Amino acid sequence: MNRREFIRRTGGGAILAMPLASVAPAALAALHARSDAEAAPLVLVAPADLPTATALAQRLAAALRAAGLPATLQHPDGNALRRHDGLSALFAQPAGTRLLGIMDDAAAVIVQAVAGSRGARMLAHGEHRGAAGTIRHCCSATTHDAAIRWREAAHGPQPHLERFYLAALGVGLPAGGPPTAAAAGVPPGSLASFLLQL
Amino acid sequence: MNKPERTLLPAGVSASDFEKALAEIRAIVGDTHVLADAPGLAPYNKIMMPVPDAQHAPSAAVTPDSVEQVQAIMRVLNRTRIPVYPISTGKNLGYGSAAPVERGQIVLDLARMNRILDVDADLCTALVEPGVTYQQLYDHLQENQLPLWFSCPAPSVIAGPLGNMVDRGVGYTPYGEHFLFSSGMEVVLADGEVLRTGMGSMPNSNTWQVFKWGYGPTLDGIFTQSNYGIVTKMGMWLMPAPPGFRPFLIQYPDDADITKIVEALRPLRIAMVIPNAVVIAHTLWEAPCTKVRRADYHDGPGAIPDEAVQRIRKDHNLGAWNVYAALYGTPETNDANWKIIEAVAAATGGTLHTESTDSGGRATQYRFDLMKGKPNLGEFDLYNWRGGGGSVWFAPVSQAKGSETLKQMTMAKDILAKYGFDYVGEFIVGWRDMHHVIDLLFDRSDAEQTRQAYACYDELLHTFAREGYGVYRANTAFAEKVAATYGPVKRDVERRLKQALDPNNIIAPGRCGISL
């Protein structure tokens, strides 16, 4: 998907103004064929000792399930993501596996750096900052130049993040939206997320 | 297979010439080792600097696995005049990572060249390729039960000795000045010729890794922090594991204590009573590595107030300054020198901690591990301090004198605060110099904060330069500006060398400000 095609499918320059609901999945997807998307394993990783990350991972897992993309959830100890053996275990997945990570910034830097060394393809990444009752999201898909930004209330998040990562995986949100309306938001501080393919 | 539309090309290169060159390179390394699609290239464009990704986006990446392949690739690129950006492991995070210095350059990723070619346990030397990581070398020494240590930098699990040495990085054992403890390089020049420096030029010599100088001008230095060649092998000295290793931490309560700390430690460092680089870390370097959350102390705009920093110290038992060093030797020599350390700590008002008395903080443990060359990733927790994936190192050099340190710290803190950033800094005491290393942490997902970070670095750089303080290493976004602070004559000589060794200007033009 090149930039010209992306702009065409999203109705000109509307992407910067959101709503994200207007984004066609194919516009963000780096994996173009749904059959490919369904075939490759999908693993969701969130550190067990970071409740906000695990809550967000549960939220995304529910949306993925509803969209027909069941994901395996992994909750390694946060310290494991800072150790050589822990990282090796994380990457002991079949080639082609998609890894959707939600973790603290430090772990995200490490995991993405190691993934890059192992020849992983980077499909999308995001930053999620919580402050004063709101969450600010900034997400980027590799196939699109501009970052997608939005804010939402921490107590009632919209399914934009689900929509973003489903789109990056090449599928849309099922009719009726995600099965869980609102999960825990992000407290003061930040999380990072990313989608890569081994 | 659909051919991706080429949206990014090196400056001055047509799409058809570029495709032809890539086809030739594919024939050299194989299709799977040439990346030109967006998801494949994205890891090479993952930067932490306060500039847009697009400014450092590569046009392609190539991953050769031998020096012969590197030579063949360079012949193609030299003929077609396509610029290339060599990386070893590409983990120079905060200095530019794996991204090319200029948009459109092809990344030459040497990570597949990851062979440990030789370890001589008698002479304590090693010969490694660019893709070897410190963790890999550590595992090799452990598996072969070789009682040898090396010095490594903080991101050592994922970074490698060759790239760190070529960038003149430093570590924390007595062999911490990495270029000083290198011995011999193999370099592929722009035209594909291979040079071996020092004794490596002599046929049948077995002294490449033991005698650095050879005969005539010593060339190794010009291949560090430069773009005159592609280093494909490096010799390094390893350190015999000492019978006794005694790491320690001395904590000091006040910012102003830095003056007496440096005055007390410099003589010990020059006399090699303390043989490794002494690290003097400020509170806010220690805090994130001790799992302190910034948001628990300051969640508003601007730099964290001094009052909050004081509370962090109190709550988490951190010093204003936290001094890390170690004794290496026999138990007897360490016992003798330990009395000196105790006396210095007492005389300067510091609180001394050892492995047995430390309460087990994470920061202390990763520091102690680094001082014995054990790779770890403990320092990455710095990236949680502000969050958002923005980090750029500002690293001016100073004399190892107390008056200099307080002056530099005050200058840096004032400028950082003006732009809303925290002073997250440390001093690393060399033999007579100090590297003042500041991590300018910012939220890269916040456009305004990113602009402020750029302006802040710019002001730091030029304010320090006016005072005569130059940086020892810089991120690629500021390479040109940093090079300019060193004056025109040096730059002219660098350009003349570039003209002589790489007249088509194809190896990383712009790296360290060198280009034709």
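Note: the structure precedes this text.
Below is a short write-up of the structure.

## Examining the overall build of chain A
Scanning chain A from terminus to terminus reveals seven helices and seven strands. The N-to-C order of helical and strand elements in chain A reads α-α-α-β-α-β-α-β-α-β-β-β-α-β. When the 198 residues of chain A are sorted by exposure, 51% land in the buried category. Relative to all contacts within chain A whose residues are 6 or more apart in sequence, the contacts with residues 24 or more apart total 72%.

## Observations concerning the overall build of chain B
On a plain count of helices and strands, chain B comes out with 14 helices and 19 strands. Taken over the C-alpha trace, chain B has a radius of gyration of 23 Å; the compact-globule value for 516 residues is 24 Å, and the two agree within 12%. By principal-axis analysis of the C-alpha atoms, chain B measures approximately 70 × 55 × 45 Å. Counting across all 516 residues of chain B, residues that qualify as buried make up 56%. For chain B, the share of sequence-separated contacts (at least 6 apart) that also reach a separation of at least 24 residues comes to 73%.

## Concerning the pairing of strand S3 (residues 84-87) of chain B
All names here are of chain B. Of the two faces of S3, the one carrying Val 84 and Pro 86 and the one carrying Tyr 85 and Ile 87 are both buried. Here S3 pairs with strand S4 (residues 106-109) via four bridges, running parallel. The residue of S4 that forms the bridge with Ile 87 is Asp 109.

## Observations regarding the nonpolar core
One finds Ile 110 and Tyr 165 of chain A together with Ile 280, Val 429 and Leu 440 of chain B to be the most contacted residues of the largest nonpolar core, which totals 209 residues. What Ile 110 of chain A contacts, discounting residues up to four positions off in sequence, is Leu 81 and Arg 82 of chain A together with Leu 377 and Phe 380 of chain B.

## Some points on the sheet that holds strand S10 (residues 230-237) of chain B
Residue and element names in this part refer to chain B. Judged by pairing direction, the sheet is antiparallel, and its five strands sit side by side in the order S5-S6-S10-S8-S9 without closing on themselves. On the outer flanks of this sheet lie strand S5 (116-120) and strand S9 (194-196), each paired with one strand and no other. Between one strand and the next, the sheet's axes are offset by a mean angle of 10°, whatever the strand orientation. Across three bridges, the pairing between strand S8 (residues 182-188) and S9 is antiparallel. The residue bridging Val 187 from the neighbouring strand is Leu 195, located in S9. Helix H3 (residues 67-80) contacts S8, S9 and S10 of the sheet and is inclined by roughly 45° relative to S8.

## Some remarks on helix H7 (residues 160-168) of chain A
All names here are of chain A. Within H7, nine of the nine residues are buried, which leaves it mostly tucked inside the rest of the structure. For H7, every residue scored as buried is listed here: His 160, Leu 161, Glu 162, Arg 163, Phe 164, Tyr 165, Leu 166, Ala 167 and Ala 168. Of the residues flanking the end of H7, it is Gly 170, one or two places downstream, whose phi is positive at about 95°.

## Side note on the pairing of S8 of chain B
Counting buried positions along S8 of chain B yields seven of seven residues, so the element is predominantly enclosed. Count of turn residues in the S8 of chain B/S9 of chain B antiparallel hairpin: five residues, of which Gly 192 of chain B carries a positive phi of about 95°.

## Things to note about the packing of helix H1 (residues 15-29) of chain B against H3 of chain B
Residue and element names in this part refer to chain B. The contact between H1 and H3 brings their axes to 10 Å, and the two run at 165°. If you check the angle between H1 and H3, you find them roughly antiparallel. Crossing hand, H1 versus H3: right-handed. Across the interface between the two elements, Asp 17, Ala 21, Glu 24, Ile 25, Ile 28 and Val 29 from H1 touch Gln 69, Ala 72, Ile 73, Val 76, Leu 77 and Thr 80 from H3.

## Topic: the sheet that holds S3 of chain B
If you walk across this open sheet you meet the four strands as S1-S2-S4-S3 (chain B), and the pairing is mixed. Looking at which strands have only one partner, the edges of the open sheet turn out to be strand S1 (34-35) and S3 of chain B.

What counts and what doesn't
Residues numbered from 1 in each chain as written. Chains lettered and ligands numbered in written order. Predicted model: local features only at pLDDT ≥ 70, side-chain atom pairs only at ≥ 80, totals over all residues. Helix = DSSP H or I, 4+ residues; strand = E, 2+ residues; numbered from the N terminus. Buried ≥ 20, exposed ≤ 12 C-beta atoms within 10 Å, placed from the backbone. Contact = placed C-beta atoms within 7 Å. Rg over C-alpha atoms; globule rule 2.2 N^0.38 Å. Pairing = 2+ DSSP bridges. Core = buried A, V, L, I, M, F, W, Y, C linked by C-beta atoms within 7 Å. Axes fitted to C-alpha atoms, helices over the stretch in contact; angles between N-to-C directions. Parallel < 35°, antiparallel > 145°, perpendicular 65-115°, else oblique. Left-handed = near helix turned anticlockwise from the far one by under 90°.

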